[in-house]
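Report on the structure
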Amino acid sequence: MAEIRASFFVECEELLETLHDALAVLDEGTHDDETINIIFRAVHSIKGGAGAFGLDDLVAFAHQFETVLDELRGGRLQVAPNVTRLFFQGADMLQDHVRAAQADEPPPDGSDEVLSALAALTGDMPASEEEVDFAPAMLSFDFGSDEGLAPEEAVAGTWQMEFTPHPTFYASGNDPLLLLRSLATLGDIDVRCLIPDDLALSIDHAEDSRLSWQIDLTTSAERAEIEEIFEFVSDLCALEIRSADAIVDNFFAEDPIPDEPPLEHAPPAIQISEDVPPTIVDIAPPQASAQNVDKTSDKAAEKTNPTVRVDLERIDRLVNLVGELVINQAMLAQSVALAGVAEDTAVQNGLEEFMILTRDIQDSVMMIRAQPVKPLFQRMARIVREASGAVGKQVKLRTEGETTEVDKTVIERLADPLTHMIRNAIDHGLETAEQRLAAGKSPEGTVVLSARHSSGRVLIEISDDGAGINRDRVRATAIERKLIAADSVLSDNEIDNLIFLPGFSTAKQVSALSGRGVGMDVVQSAITALGGRIKISSNPGQGSQFSISLPLTLAVLDGMVVRVADQTLVIPLSAIIETATLTPAAIKQVGAHSQLLLIRGDLVPLIDLGPRLGFRPASQRPTGAIVILVQKEDGVRSALIVDAIMEQRQVVIKGLDQNYGPITGVAAATILGDGQIALILDPAGLTDRQTDRSQVSDLSLAG
């Protein structure tokens, strides 16, 4: 039961994603019936599945949300910006209810307010919990009782039904018994199970779907209420509904299962026992709804590949084992090299094939962990709605590159930094509607959230079309808070980066979003902990852009193994542009402590890794040293001096933060083939550190 319940919540996440996708389509101006039906079906499916597990609070909210959506589906409620906005709030609250139910926590606050606002669209107040009949959620229904029967004077007539599940009905975890119990809540029901003459009760035919049911239902309910019970399994069964004296009406236009005898020639019916134990049903898989969303966005032709759900702990264990495989492969290569095995031998050829196979396995495992950033971006859409409402601004979120895949661990740890940055963009970056109109802009501000792959890394950008960074105000605030000296001379880029200092805030008063001096410094720390970097670009009056560069995975990387003094280090291959031999003529001295390298007509900062990392004095630079030219995402280059280049190798990343905390210029560590531990450098951190040292005397940073 716990396994089925867990599967239900996984499918709830898929249905919620489908719901938000369809609402986004609706918000963009597509008001076709199919989009509206997708929205309705997603909420209805969540309600139906929640009822099977007795999640009354979730069922109650979904039912009343569904009631309002039915007004939209029936054309009695017209789509408008305020309507779409309320539907988004309803979807957000539904998501909160799902998570609360999953964690066995009390229902979230604010449900009644959201439902009242939704009900006000139709002029009705939501029914109280006692007034809503959620009998489908009750698994202990007795077919012989009168519970759920409409008042005697309200009985309108009898409906006759013939219900035949397809094999996919059972394969998706559904159970006819629950549907029959739901029908029984509408009135007086008589059910007969039809068994074909040639039904084979053998192990070879255990999964054959051959049973069907004839149902007589006396009720005052409308036909639509009967159809609604079967709606979320409409593509998994054949159902015929007719009034007692009417012609058969095919509700779901499904072909009968081949080789199945017609219902009128079925053998004598048997009665369903009232003592049948209740069973748990899983909601129908949401593939149909997802396909409908694709059809709405002209992607129906794309084929959906089958998937399998695996516990994340199993994948993490597999990743760790692959890491050990990479280390052992490196150790084996080291042993073969030390043994002096000649080239083009069977051992060397086999080792080379083993290296290629190890790389393919590692790439495949990393692809398993990779996930699109779309769910994360959908969470940010909610942050935009809530933050814009809190500050009274009109803001629209536009997303790009939602299919970009990132390691799952990276996605999980990106949520908080992105939340801070988006709130900062709305609170500080975007102007009010009046200010935007005065500046000749649209009253509605835009925040763009994008993701893409760039040079073996993931680049996530958050930009807005606001007023940009007020550098005079930022500088004055930093001086006021004693973060810099009053006579400091800073470039525009240096002023922009002041917002990352701890305790910095330009908010004049504390609000729900800002003003406490906590935010952007936390963002920088979180991004650095992921092995990433963040930079700012801003144009006054046009807006600002924050760019986050992250590794594709936190497990392995391709690196250049180098020697500095007696230490072995690894430099990420994605950061390296070229290598060259260091000559005295190419070194240009600047001041007492800084040097530049003249390479191909350009001057770049020169960093000697030996003294920088404390491995040797600056005066002991070896002759014939090598420089490695590296480049950050913003195009800034620097040259690193090393004693020798050993080899290029794929290494397994071992984090240092948990035991040693963040170390400037050092991203992580790894284990080499000979068992030696080597530090993995962060070239951008080394470059930033060099810049910071050269500016200390000018900035006079407090503390």
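Residues numbered from 1 in each chain as written. Predicted model: local features only at pLDDT ≥ 70, side-chain atom pairs only at ≥ 80, totals over all residues. Heavy atoms only, no water.

Turning to the overall build of the protein, a few remarks are in order. The number of helices and strands found in the protein is 20 helices and 24 strands. Looking at the protein as a whole, 45% of its 703 residues are labelled buried. Within the protein, residue pairs in contact and separated by at least 24 positions form 71% of the contacts whose partners lie at least 6 positions apart. Put simply, the protein shows about 35,600 Å² of open surface, and 50% of that area lies on carbon and sulfur atoms. (Helix = DSSP H or I, 4+ residues; strand = E, 2+ residues; numbered from the N terminus. Buried < 20%, exposed > 50% of the residue type's maximum accessible area, 1.4 Å probe, protein only. Contact = heavy atoms within 4.5 Å. Areas by Shrake-Rupley, 256 points an atom, 1.4 Å probe, with all protein chains shown as cover.)

The terminal C-alpha atoms of helix α12 (residues 374-391), which comprises 18 residues, lie 26 Å apart, in line with the 26 Å expected from a rise of 1.5 Å per residue. Residues of α12 that are buried sit in contact with α1 (2-27), α4 (81-102), β7 (370-372), β8 (395-400), α13 (408-429) and β10 (445-454). After α12 finishes, the residue glycine 392 shows a positive phi value of roughly 70 degrees. (Expected span 1.5 Å × (residues − 1).)

Turning to the packing of aromatic side chains, a few remarks are in order. Counting across every chain of the model gives 6 aromatic pairs. Aromatic side chains phenylalanine 163 and phenylalanine 169 sit 5.9 Å apart centroid to centroid with 70 degrees between the ring planes, which places their arrangement in the edge-to-face category. Both residues of the pair, phenylalanine 163 and phenylalanine 169, count as buried. Grouped by ring-pair contacts, the aromatic residues Phe163, Phe169, Trp213 and Phe230 constitute a single cluster. Sitting above the plane of the phenylalanine 40 ring, arginine 73 keeps its charged end 3.7 Å from the centroid. (Phe/Tyr/Trp six-rings, centres within 6.5 Å; stacked < 30°, edge-to-face > 60°. Lys NZ or Arg CZ within 6 Å of the ring centre and 35° of its normal.)

The strand order β8-β10-β11-β13-β12 describes an open sheet built from 5 strands, whose pairing is mixed. A single partner strand is all that each edge strand has here, and the edge strands are β8 and β12 (533-539). Averaged over neighbouring strand pairs, the angle between their axes works out to 15 degrees when direction is ignored. As paired elements, strand β11 (residues 457-464) and strand β13 (residues 543-551) share 7 bridges and run antiparallel to each other. (Pairing = 2+ DSSP bridges. Axes fitted to C-alpha atoms, helices over the stretch in contact; angles between N-to-C directions.)

This structure, assessed with the given rule, holds 29 salt bridges. Residues aspartate 21 and lysine 374 are paired through a salt bridge, measuring 2.5 Å at the closest nitrogen-oxygen approach. Of the two residues, aspartate 21 is situated in helix α1 and lysine 374 in helix α12; the sequence distance between them amounts to 353 residues. Taking the relative accessible area as the measure of exposure, aspartate 21 reaches 16% and is therefore buried. When its relative accessible area of 19% is taken as the criterion, lysine 374 is described as buried. Because the salt bridges share partners, they merge into one network encompassing Asp92, Asp96, Arg382, Arg385 and Glu386. (Salt bridge = Lys/Arg side-chain N within 4 Å of Asp/Glu carboxyl O.)

Right, let's talk about the nonpolar core for a bit. Within the largest apolar cluster, 45 residues are counted, with the highest numbers of intra-cluster contacts made by Leu449, Ile460, Ile462 and Ile548. Among the elements that take part in this core, α13 stands out by supplying 8 residues, more than any other. Residues contacting isoleucine 462, with those up to four places away along its chain left out, are Leu418, Met421, Ile422, Val447, Val448, Leu449, Ser544, Gln545, Phe546 and Ile548. Core analysis: the second largest hydrophobic core is formed by 42 residues, Phe40, Ala52, Leu86 and Leu178 among them. (Core = buried A, V, L, I, M, F, W, Y, C linked by side-chain atoms within 4.5 Å.)

The element β13 is extensively covered by neighbouring structure, given that 8 of its 9 residues are classed as buried. Pairing between β12 and β13: 7 bridges, direction antiparallel. Bridge assignment links serine 538 to a residue of β13, and that residue is serine 544. A loop of 3 residues connects β12 with β13, the two strands running antiparallel in sequence, and glycine 541 in this loop sits at a positive phi of about 85 degrees.

This brings us to the sheet that holds strand β18 (residues 594-599). Reading across the sheet, the 6 strands line up as β16-β20-β21-β19-β18-β17 and stay open at both edges, with mixed pairing between neighbours. In this open sheet, the two strands that pair with only one neighbour each are β16 (576-581) and β17 (587-590). For this sheet, the mean angle separating the axes of adjacent strands, direction not counted, is 35 degrees. Pairing analysis gives 4 bridges linking β17 to β18, with the strands arranged antiparallel. For glutamine 589, the partnering residue across the bridge sits in β18 and is glutamine 595.

Another point: unusual backbone geometry. Its identity is not glycine, yet aspartate 344 carries a phi of approximately 60 degrees, on the positive side. Note that aspartate 344 resides in the loop between α10 (312-338) and α11 (346-369). Positive phi is not limited to glycine here, since lysine 482 has a value of about 60 degrees. Turning to its location among the elements, lysine 482 is positioned in the loop between α15 (471-480) and α16 (492-496). Given the relative accessible area of 62%, lysine 482 is considered exposed.

Relative orientation of the contacting elements α1 and helix α2 (residues 33-52) amounts to 160 degrees, with a least axis distance of 9 Å. The pairing of α1 with α2 is recorded here as roughly antiparallel in orientation. In the packing of α1 onto α2, the handedness of the crossing is left-handed. Across the interface between the two elements, Phe8, Cys12, Leu15, Leu16, Thr18, Leu19, Ala22, Leu23, Val25 and Leu26 from α1 touch Thr35, Ile36, Ile38, Ile39, Ala42, Val43, Ser45, Ile46, Gly49 and Ala50 from α2. Residue composition of the contact of α1 with α2, by class: 16 nonpolar, 4 polar and no charged. (Parallel < 35°, antiparallel > 145°, perpendicular 65-115°, else oblique. Left-handed = near helix turned anticlockwise from the far one by under 90°. Nonpolar A, V, L, I, M, F, W, Y, C, P; charged D, E, K, R; others polar.)

What follows deals with the confidence of the model for the protein. Counting all residues, the mean pLDDT for the protein is 76, and 78% of those residues have values of 70 or more. Every residue in residues 247-303 scores below 50 in pLDDT, and together they form 127 contacts with partners more than four places removed in sequence or on other chains. (pLDDT = per-residue confidence, 0-100.)

Burial runs high along strand β4 (residues 237-243): 6 of the 7 residues are buried. Relative to β4, strand β1 (residues 157-165) runs antiparallel, the two being bridged by 7 bridges. Along β4, the bridge assignment pairs tryptophan 159 with serine 243.

In the contact formed by α12 and α13, the axes pass within 9 Å of each other and the chain directions differ by 30 degrees. Viewed along their axes, α12 and α13 adopt a mutual orientation that is roughly parallel. The handedness of the crossing between α12 and α13 is right-handed. In this structure, α12 uses Leu376, Arg379, Met380, Ile383, Val384, Ala387, Ser388 and Val391 to contact α13, whose residues at the interface are Ile411, Leu414, Ala415, Leu418, Thr419, Ile422, Arg423, Ile426 and Asp427. Looking at side-chain class alone, the contact of α12 with α13 contains 12 nonpolar, 2 polar and 3 charged residues.

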